[in-house]
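Per-entry structural report
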Amino acid sequence: MKKKKLIIAGAVILIVAVIAGFCVKPVKQFFADRKAAQKTGFYMDTVVTADITGENCGETADAVFNAIQVLEEFCLSKTAEGSDIYELNEKGKYEVTDSTLGILEKSLEVCKKSGGALDIGIGKLVDLWNVKNRQTPPSQEETNALRGSRYEGISVEANDVTLKDGVKIDLGAVGKGAACDSARDICALSGVKRAVISVGGSILLYGDGEFTVGIASPETGSADYIAVLTTGAGFVSTSGTYERFFDYEGKRYHHILDPETGYPVDNGLCSVTVVSDSGILSDALSTSCFVLGLEDGMKLCEEYGCQAVFITDDGKIYTTDGIRDSLEISDDSFSFAD
Ligand code: AMP
Ligand code: MG
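Here's a quick rundown of the structure. This structure is a prediction, so every number in the text was calculated from the model and none was measured.

**Points about the layout of surface pockets**
In this structure, the second largest pocket spans a volume of roughly 400 Å³. Considering the residues around the second largest pocket, the lining is formed by 21 residues, among which Arg252, His254, Val265, Asp266 and Asp313 are closest to the centre. Where the lining of the second largest pocket is concerned, the elements lending two or more residues are β12 (251–254), β14 (263–264) and β15 (269–276). The dominant element in the lining of the second largest pocket, judged by the number of residues it contributes, is β12, at 4 residues.

**Observations concerning the site of ligand 1**
Taken together, 17 residues sit near ligand 1, with Asp119, Ser239, Leu257, Asp283 and Thr287 positioned nearest. At a separation of 2.9 Å, a nitrogen atom of ligand 1 approaches a polar backbone atom of Asp119. Calculation on ligand 1 without its partners gives an accessible area of 500 Å², and the protein chains cover 93% of this total. With 3 residues, the single largest contributor to the shell around ligand 1 is helix α8 (residues 279–292). Both domains that furnish three or more residues to the shell around ligand 1 are identified here as domain 1 (88–163) and domain 2 (193–336).

**Topic: the coordination of the magnesium ion (ligand 2)**
The protein atoms that coordinate the magnesium ion (ligand 2) are Ala173 (O), Asp283 (O), Asp283 (OD) and Thr287 (OG1), at distances spanning 2.0 to 2.5 Å. Sequence spacing of the donors to the magnesium ion (ligand 2): A-x109-D-x3-T. Separated by 114 residues along the polypeptide, Ala173 in the loop between β5 (160–163) and α7 (175–190) and Thr287 in helix α8 bring together distant segments of the chain. The residues Ala173 and Thr287 share a single accessibility class, namely buried.

**With respect to the side chain of Asp283**
Residue placement: Asp283 occurs in helix α8. It turns out Asp283 is buried and unbridged, and the closest side chain with the opposite charge, Lys176, is 6.1 Å from it. For Asp283, the side chain forms a polar contact with the main-chain nitrogen of Lys176, separated by 3.4 Å. Those residues in contact with Asp283, other than ones at most four positions away along the chain, are Ala173, Val174, Gly175, Lys176, Gly177, Ser202 and Ser237.

**Here's the deal with α7**
An ideal rise of 1.5 Å per residue puts 22 Å on 16 residues; α7 measures up with 23 Å between its terminal C-alpha atoms. Where α7 is concerned, the buried positions are Gly175, Lys176, Gly177, Ala178, Ala179, Cys180, Asp181, Ala183, Ile186 and Cys187. Looking one or two residues beyond α7, the residue adopting positive phi is Gly191, at roughly 80°.

Definitions and cut-offs
- Residues numbered from 1 in each chain as written.
- Chains lettered and ligands numbered in written order.
- Predicted model: local features only at pLDDT ≥ 70, side-chain atom pairs only at ≥ 80, totals over all residues.
- Heavy atoms only, no water.
- 1 Å grid on protein atoms, 1.4 Å probe; cavity = no way out; pocket = protein on both sides within 12 Å on 5 of 7 lines; lining within 4 Å.
- Points joined across faces, edges and corners; volume = space filled by probe spheres on them.
- Helix = DSSP H or I, 4+ residues; strand = E, 2+ residues; numbered from the N terminus.
- Near = heavy atom within 4 Å.
- Polar contact = N/O pair within 3.5 Å; in protein donor to acceptor, adjacent residues only side chain to side chain.
- Areas by Shrake-Rupley, 256 points an atom, 1.4 Å probe, with all protein chains shown as cover.
- Domains from an automatic or database assignment.
- Donors = N, O, S within 2.8 Å, 3.2 Å for Na, K, Ca; no water.
- Buried < 20%, exposed > 50% of the residue type's maximum accessible area, 1.4 Å probe, protein only.
- Lys, Arg positive; Asp, Glu negative; His and termini not counted.
- Salt bridge = Lys/Arg side-chain N within 4 Å of Asp/Glu carboxyl O.
- Contact = heavy atoms within 4.5 Å.
- Expected span 1.5 Å × (residues − 1).

Following this line, the structure appears as structure tokens:
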């Protein structure tokens, strides 16, 4: 009898041990997968959020925020004394760091390819409009006086950058996308599983599987989504009139300027979203396409092999062919154009 009890107890212990053996790994995996970090900050004059899962997610979020801060303060900021762009704008000639050089070169490439729709040399015009703080538009004389200051006045030789008289650089159209590129490099190094990092209108989607991204309402901004885009890892940037503007005598003056006219773009578009495998490119193209308008903007995206969503003032949505089926409209005041 005693022997029988012992055998039963032994069998129970064995079964429990086997079940435990099977369970420990999945349980460990479960907790590893559940490791998640959320962080919010304010850099590059905009809200930055990180949502990261996997091992080292907290440290990765900290590293991403540090990298964005460094990129802003040492490289791209127009207002932080000592940054490459601040010193270059002040002195007219400056030896910039490799990080700034890479961003300048890619931006200048898009300036050329877009026929000057993107123009990183219009810093003075951007300052004149100062859309964030102004309540009335500047005079035509004031905008005309700055029309000659364009990106062609920027020359690059190795790390030495020289500006023609009157040219000042503004990287507001590309900096947030460039920050997302830095974020991706950090995620790849740290080995996190999945990350969504948002820097103003630019987003990094990192990891396996699909992500959903809301397209902000062009009327009210990011709080309401008018459509949802399902996509894989990559970068998504949106340029919209709602981001920065003032209204004067019944007309909206927003922050995306047409370098040809010296005035905010007025071509019937209210938002352009570009999907790319490069952060700086998605950001540069969203601004370029907004300035170029529907037809030429579509062509530029196709040239770069990027996907895009264009929204017009009258609620029509146009997409490149490769993205149409991935976009679901969630607000019935908007509809596909065809
Ligand atoms: P985004 O929100 O990426 O479209 O960038 C808009 C910002 O880029 C503005 O706030 C300005 O700082 C700057 N900007 C405005 N118009 C242009 C333009 N045509 N080319 C380059 N930068 C521009
Ligand atoms: Mg942009």
